[in-house]
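# A structural walkthrough
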Protein chains: 2
Amino acid sequence: MAEDFVPDIVIRRLPSYLQTLNQMAKEGLHTVSSVMLAERVGTTAAQIRKDLSYFGGFGKQGTGYSIYVLIEELQKILNLDRIWKVAIVGAGNLGRALSRYQGFANRGIDICLLFDNHPDVVGTQVGSLVVRHVDTMIADIQEQAVKMAILTLPGEAAQTTADQLVMAGVGAILNYTPTTLKLPDHVHVEHIDPVLQLQRMMYYLDED
Amino acid sequence: MAEDFVPDIVIRRLPSYLQTLNQMAKEGLHTVSSVMLAERVGTTAAQIRKDLSYFGGFGKQGTGYSIYVLIEELQKILNLDRIWKVAIVGAGNLGRALSRYQGFANRGIDICLLFDNHPDVVGTQVGSLVVRHVDTMIADIQEQAVKMAILTLPGEAAQTTADQLVMAGVGAILNYTPTTLKLPDHVHVEHIDPVLQLQRMMYYLDED
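It should be emphasised that the depicted structure is a prediction, and the values quoted were computed from it without experimental measurement. Along every chain, residues carry numbers that run from 1 in the direction the sequence is written. Throughout, the order in which chains and ligands are written sets their labels, letters from A for the former and numbers from 1 for the latter. In view of the model being predicted, local features appear only for residues whose pLDDT reaches at least 70, and side-chain atom pairs are presented and counted only at 80 or more, with totals across whole chains, interfaces and linings using the full set of residues. Only heavy atoms go into the side-chain values, all of them from the structure, while hydrogens and water stay out.

## With respect to the relation of the copies chain B and chain A
The test is simple: The least-squares superposition of copies is restricted to C-alpha atoms, and to residues with a pLDDT of at least 70 in both copies. Working rule for contacts: check all heavy atoms of both residues, and any pair within 4.5 Å makes them a contact.
Of the transformation placing chain B onto chain A, the axial shift is 0.0 Å and the rotation is 180°, giving an RMSD of 0.0 Å. Expressed as a symmetry operation, the mapping of one chain copy onto the other fits a two-fold axis. Most of the interface of chain B is mirrored in chain A, where 98% of its interface residues again form contacts.

The following block contains the structure:
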């Protein structure tokens, strides 16, 4: 594979390709053209061919891609050929919903720790997890060598908690709080702010 | 303003600029250079200048941007100078958490309708809203002229519900379900799938 520097924007598209390919495999399909895949993903065939070319291509001219091979290769590229342990910090409505979310298990994600600081919540059962106190967060994360965390706590506590997570060895944070985190460059953050997401679409609702 | 065709990727960055500028205004700042803004947003000064140039620039060489002017202009561009009504479909943990989310009100978003189909949930109070039955969804959305919706229901029901929302006049959907929606081109969808978001970061966790 010719995998030197791959732009982040390309990496960000690969999980959607993989999701669509998995769906196609479930439907019993074996091969797919870049045109077909593009239509399902909602992009162009040229984009897909260009993105995959960073990793050596995988397709033969005229015959399309083997769905099975492409799934396997994308999983390897994205490091999905293993189980990733993830900690959730904040056991409110959202944290509890995510802890119980059925979509993680068969997609390589193991939610193994759930933290909160509220005495009423610590010690309670959420799905298969017991909520732990944030006081033991650093130790627990180090012990289990957790590298990813999801922040679902109030925005005021987000930065301090994120700093502690990074100190404990976490390298990727999915941030559901309204706070924009300032973290070292080696830490990867995805910020999920429903307001920003809605605002991105309002531009297009201008017409009426 | 020289606003002809603006690439979607530019539009998608503007809400983050705006969020950071609002934060700076709160901190009592009046002007900002593209370098300072870039550092806070986590991008480059050249990127910010290029993005803003689509709308005519706003900055004078050497003096930076007026934070107040920039906030006002970005709000106009993004259609944030009004209140947008939003419906949430699915009153489970996530739907309830979003209905109560404090960050909407002062950022131009009015969650005005909340739907579910479960008899135990319909009629219950969530924050300031009473959960309505999805059977009246189309009529309620048309009556209130709602143009945006958030999907927080099980994935199996997502496509059918989205089709109904579009029929009722919704033009922008924030999709929290695992289902990839197929909708007409004029409808804008933002898909929030925690699995995809985590997978986008796993690529970078390769080292250890």
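## Looking at the domain arrangement of chain A
How we decide: Residue ranges labeled as domains rest on an automatic or database domain assignment.
Assigned domains within chain A: domain 1 (8–77) and domain 2 (84–196). The distance between the C-alpha centroids of domain 1 of chain A and domain 2 of chain A comes to 31 Å.

## Points about the packing of helix 1 (residues 8–26) of chain A against helix 3 (residues 45–53) of chain A
All names here are of chain A. Here is the rule we go by: In this analysis, axes come from line fits to C-alpha atoms, helices being fitted only over the stretch in contact, and the angle between any two N-to-C directions falls in the range 0 to 180 degrees. Counting from the N terminus, the helices are the DSSP runs of H or I reaching at least four residues and the strands are the DSSP runs of E reaching at least two. Orientation categories follow fixed angle ranges, with anything under 35 degrees roughly parallel, anything over 145 roughly antiparallel, 65 to 115 roughly perpendicular, and all other angles oblique. Two helices that cross are described as forming a left-handed crossing if the nearer one is turned anticlockwise from the farther one by less than a right angle, and a right-handed crossing if clockwise. Classification convention: Asp, Glu, Lys, Arg as charged; Ala, Val, Leu, Ile, Met, Phe, Trp, Tyr, Cys, Pro as nonpolar; all other residues, Gly among them, as polar.
Two elements in contact, helix 1 and helix 3, have axes separated by 10 Å at closest approach and are oriented at 110°. Relative to helix 3, the element helix 1 lies roughly perpendicular. As for the relative orientation of helix 1 and helix 3, their crossing is left-handed in sense. For the pair helix 1 and helix 3, the contacting residues are Val10, Arg13 and Tyr17 in the first and Gln47, Ile48 and Asp51 in the second. Partitioned by chemical class, the residues of the contact of helix 1 with helix 3 number three nonpolar, one polar and two charged.

## Brief notes about helix 7 (residues 158–167) of chain A
Residue and element names in this part refer to chain A. Let me state the cut-off plainly: Under the scheme applied here, a residue whose accessible area is under 20% of the maximum for its type counts as buried, over 50% as exposed, and between as partly exposed, the area being computed with a 1.4 Å probe on protein chains only. Here the arc refers to the directions that run from the helix axis out to each C-beta atom.
Buried within helix 7 are the following residues: Ala158, Thr161, Ala162, Leu165 and Val166. Buried residues along helix 7 cover an arc of 140° about the axis, so they all sit on one side. Backbone geometry just after helix 7 places Gly169 at a positive phi near 110°.

## Points about the sheet that holds strand 4 (residues 109–116) of chain B
Defined as follows: For two strands to pair, DSSP has to find at least two bridges joining them.
An order of 7-4-3-8-9-10 (chain B) is seen for the six strands of this open sheet, with the pairing classed as parallel. In this open sheet, the two edge strands, each paired with only one partner strand, are strand 7 (132–133) and strand 10 (188–191) of chain B. Most of the contacts of helix 8 (residues 194–202) of chain A go to strand 9 (residues 172–175) of chain B, to which it runs at about 155°, and overall it touches strand 3 (84–89), strand 4, strand 8 (148–151), strand 9 and strand 10 of chain B.

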